[in-house]
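Below are the chains, spelled out letter by letter.
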Amino acid sequence: MSEIQDFHAHVYFDAGSIERARALCEEAARRFGAKMGRVHERPVGPHPDWSCQLAFDNATFATLVPWLALNRDGLVVFVHPNTGNDLRDHRDYAMWLGAVRPLDLSQFTS
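Bear in mind the structure is a predicted one, so any value in this text is a computation, not a measurement.

Novice: I keep staring at the pattern of salt bridges and nothing clicks. Help me out?
Specialist: Side chains carrying opposite charge are able to pair once their charged atoms draw close together. Taken as a whole and judged by the stated rule, the model has six salt bridges. Linking Glu27 and Arg30 is a salt bridge whose minimum nitrogen-to-oxygen distance equals 2.6 Å. In this pair, Glu27 and Arg30 both sit in helix 1 (residues 18–32), three residues apart, roughly one turn of the helix. Across the pair Arg91 and Asp92 runs a salt bridge, and its minimum N-O distance is 2.7 Å. Judged by relative accessible area, which is 39%, Asp92 ranks as partly exposed. One salt-bridge network, in which partners are shared between bridges, spans Glu27, Arg30 and Arg31.

Printed below as a string of structure tokens:
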């Protein structure tokens, strides 16, 4: 079993939901100490939609992820661990809050 170093949650949004996403990410950062990344108004990396990343440690997972599930207000949230294997982290170990979206995994090697 791979060692989990930490986690990322990617909050997906579009032009009509950007303010909800920004508010959700800012509140997650404030409440849980998650590190909020940039609010990308275009697809970045493997993500098919606009997104904002939240980075957090293993101890925060048990409180932040349930909070996101209950407070995402219809937004899709993609959660994955960071084990050092990006392909598996995004493909095999991922969790979705809301609809599953198609990731572009072509940039990752096995």
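Novice: Whenever I open this one, the packing of aromatic side chains confuses me. Can you help?
Specialist: Two measures describe an aromatic ring pair: the distance that separates the ring centres and the angle between the ring planes. Counting across every chain of the model gives six aromatic pairs. Centre to centre, the rings of Phe7 and Phe56 are 5.8 Å apart; their planes meet at 10°, and the pair counts as stacked. On the criterion of sequence distance, the pair formed by Phe7 in strand 1 (residues 6–13) and Phe56 in strand 3 (residues 50–56) is long-range, its members being 49 residues apart. There is no split in this pair, since Phe7 and Phe56 are both buried. Here the aromatic rings of Phe13 and Trp50 are separated by 6.1 Å at their centres, their planes lie at 75°, and the arrangement is edge-to-face. Residue Phe13 is found in strand 1, and its partner Trp50 is found in strand 3; the two are separated by 37 residues along the sequence.

About the thresholds
- Residues numbered from 1 in each chain as written.
- Predicted model: local features only at pLDDT ≥ 70, side-chain atom pairs only at ≥ 80, totals over all residues.
- Heavy atoms only, no water.
- Salt bridge = Lys/Arg side-chain N within 4 Å of Asp/Glu carboxyl O.
- Helix = DSSP H or I, 4+ residues; strand = E, 2+ residues; numbered from the N terminus.
- Buried < 20%, exposed > 50% of the residue type's maximum accessible area, 1.4 Å probe, protein only.
- Phe/Tyr/Trp six-rings, centres within 6.5 Å; stacked < 30°, edge-to-face > 60°.

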